[in-house]
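Take a look at the letters that make up each chain.
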Amino acid sequence: MSRKKIIAGNWKMNKTPSETAVFIKELSDKVNQTNDIIICAVPYVCIPAALKASKRSRIKIAAQNMHYEDNGAYTGEISANMLLDLGVKYVIIGHSERRQYFNETDITVNKKVLKALKSGLKPIICVGESLEQREMGVTSDYVRYQVAYALNGVSVEDLKNIIIAYEPIWAIGTGKTASNEQANDVCKTIREALVEKYGRRAANATYIQYGGSVNTKNAKDLFGMSDIDGGLVGGASLKTEDFDKIVNYNK
Ligand code: PEP
C-alpha cells in the first residue's frame, strides 16, 4: 500500500494575519510541484488570510486546536463548525504543548477527535512520550495507550479521515531529533495497534507522521522510513526557504 507524505507546518503562536498572507503566497509558488499533501496549521486569527492566500495553491490550512462542544459559554474557545464555516479541513488535536500548558487530557483529546470527525474535519492527533518515559522503557505501552484512548469510539470508516502524529516530547523544539529507527519503531508500533483494532488494510491506509525537530537535513531520511508518512514540523515551518526544502525533500 503506497501512501503519499503529509507534511504539516505547525506555526504555534507565530505570525500575524498580514505576515501569513505574504508567507503563504511565497510558499505556494515553491511547493506547487509536489504530489504530497502540504498543510499549514496557523493561529485562529490567521485562518482567513491563510485560506485566501492559499486558494489557488496545493497548501491546505489547519487549525491548531478546537473545542468539543458545538457552542455555549466557553469563553475564548472555537468550535468545529466555526472552522468548517471558514473552510478549514484539518485540525491538530492533543499537541503536547496543549497537554502540558492547557490541561488537555486523553479524555478531552478523545472528545475532540469524535467531534472533529462527526463535523467533517480531519484531526491530526498528536501522541508521544516524555524523556522520563523513554528512559523508563515504557514508550510503546504509553503511546499505544494514548492512541487507544484518542480513538475510542472511532469507526473503521472514520479511520480514513485521521492522521496520527508521533511526537516524542523530548524532541519538540529541542533540536534533538529521534533517530530514524527510533521514530520508525514507534510509528510501526502505532500501526500494529491499528492493525489489532481495525485490521491490516485499514491500518496500512492510515497516515502516521513523525514530529520533533524535523529540519532540512533530516527530513529526507525520516520520510524515507517504512512507517513514517511525512512530518509535523514546528520551528522549521516558519521560514519559507526551510519549509520549501522539507516539502521538496526528495529533490
Ligand atoms: C511541533 O510543534 O509539533 C514540533 C514538532 O516542533 P519542532 O519541529 O520545532 O520540534
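Residues numbered from 1 in each chain as written. Predicted model: local features only at pLDDT ≥ 70, side-chain atom pairs only at ≥ 80, totals over all residues. Heavy atoms only, no water.

Here we take up helix α7 (residues 139-150). An ideal rise of 1.5 Å per residue puts 16 Å on 12 residues; α7 measures up with 16 Å between its terminal C-alpha atoms. Residues T139, V143, Q146, V147 and A150 constitute the buried set of α7. Burial along α7 is one-sided: seen end-on, the buried residues are contained in an arc of 95 degrees. On its buried face, α7 is in contact with α4 (96-101), α5 (106-119), β5 (122-127), α6 (131-136), β6 (163-166) and α9 (180-198). (Helix = DSSP H or I, 4+ residues; strand = E, 2+ residues; numbered from the N terminus. Expected span 1.5 Å × (residues − 1). Buried < 20%, exposed > 50% of the residue type's maximum accessible area, 1.4 Å probe, protein only. Arc of directions from axis to C-beta. Contact = heavy atoms within 4.5 Å.)

Moving on: the packing of aromatic side chains. Inspection of every chain in the model, using the stated rule, returns 6 aromatic pairs. Ring geometry for Y101 versus F102: centroids 6.4 Å apart, planes at 90 degrees, classification edge-to-face. For the ring pair Y166 and Y210, a centre distance of 6.2 Å and an interplane angle of 55 degrees mean the geometry is tilted. Of the two residues, Y166 sits in strand β6 while Y210 sits in strand β7 (residues 207-211), which places them 44 residues apart along the sequence. Y166 sits in the buried class, given a relative accessible area of 0%. On the basis of relative accessibility, which here comes to 0%, the residue Y210 falls in the buried class. (Phe/Tyr/Trp six-rings, centres within 6.5 Å; stacked < 30°, edge-to-face > 60°.)

Taken together, 14 residues are adjacent to the ligand, and K12, E167, G173, S213 and G234 come closest. In this structure, H95 approaches the ligand through a side-chain N or O atom, which is 2.9 Å from an oxygen atom. One of the backbone N or O atoms of G234 is found 2.8 Å from an oxygen atom in the ligand. Split by residue class, the shell around the ligand holds 4 nonpolar, 8 polar and 2 charged. (Near = heavy atom within 4 Å. Polar contact = N/O pair within 3.5 Å; in protein donor to acceptor, adjacent residues only side chain to side chain. Nonpolar A, V, L, I, M, F, W, Y, C, P; charged D, E, K, R; others polar.)

Of note in the backbone geometry, K12 takes a positive phi value of approximately 55 degrees without being a glycine. One non-glycine residue, N103, lies in the positive phi region at around 55 degrees. One can find N103 in the loop between α4 and α5. Assessed through its relative accessible area of 66%, N103 is described here as exposed.

If you walk through the whole model with that rule in mind, you get 10 salt bridges. R134 is paired through a salt bridge with E129; the nearest N and O atoms lie 2.7 Å apart. The exposure class assigned to R134 is partly exposed, which follows from its relative accessible area of 22%. For E129, a relative accessible area of 0% corresponds to the buried category. The salt bridge partner of R200 is E192, with a shortest N-O separation of 3.3 Å. Accessibility expressed as a relative area gives 44% for R200, which makes it partly exposed. (Salt bridge = Lys/Arg side-chain N within 4 Å of Asp/Glu carboxyl O.)

Right, let's get into the sheet that holds strand β3 (residues 59-63). Spatial strand order, β1-β2-β3-β4-β5-β6-β7-β8: 8 strands in a closed barrel with parallel pairing. Averaged over neighbouring strand pairs, the angle between their axes works out to 25 degrees when direction is ignored. Pairing of strand β1 (residues 6-10) with strand β8 (residues 230-233) involves 4 bridges; the strand directions are parallel. Bridge pairing links I6 to G230 in β8. Contacts between helix α1 (residues 17-31) and the sheet are confined to β2 (37-41) and β3, with β3 contributing the most and set at about 135 degrees to the helix. Sheet contacts for α7: β5 and β6; angle to β5, the most-contacted strand, approximately 155 degrees. (Pairing = 2+ DSSP bridges. Axes fitted to C-alpha atoms, helices over the stretch in contact; angles between N-to-C directions.)

Time to look at the packing of α5 against α7. Between α5 and α7, the least distance of the axes is 8 Å, while the angle of their chain directions is 45 degrees. Taken together, the axis directions place α5 and α7 in an arrangement best described as oblique. Along its contact with α5, which presents D106, I107, V109, N110 and V113, the element α7 presents Y145, Q146, Y149 and A150. Residue composition of the contact of α5 with α7, grouped by class: 6 nonpolar, 2 polar and 1 charged. (Parallel < 35°, antiparallel > 145°, perpendicular 65-115°, else oblique.)

Interpretation in functional terms is not warranted from these geometric data alone.
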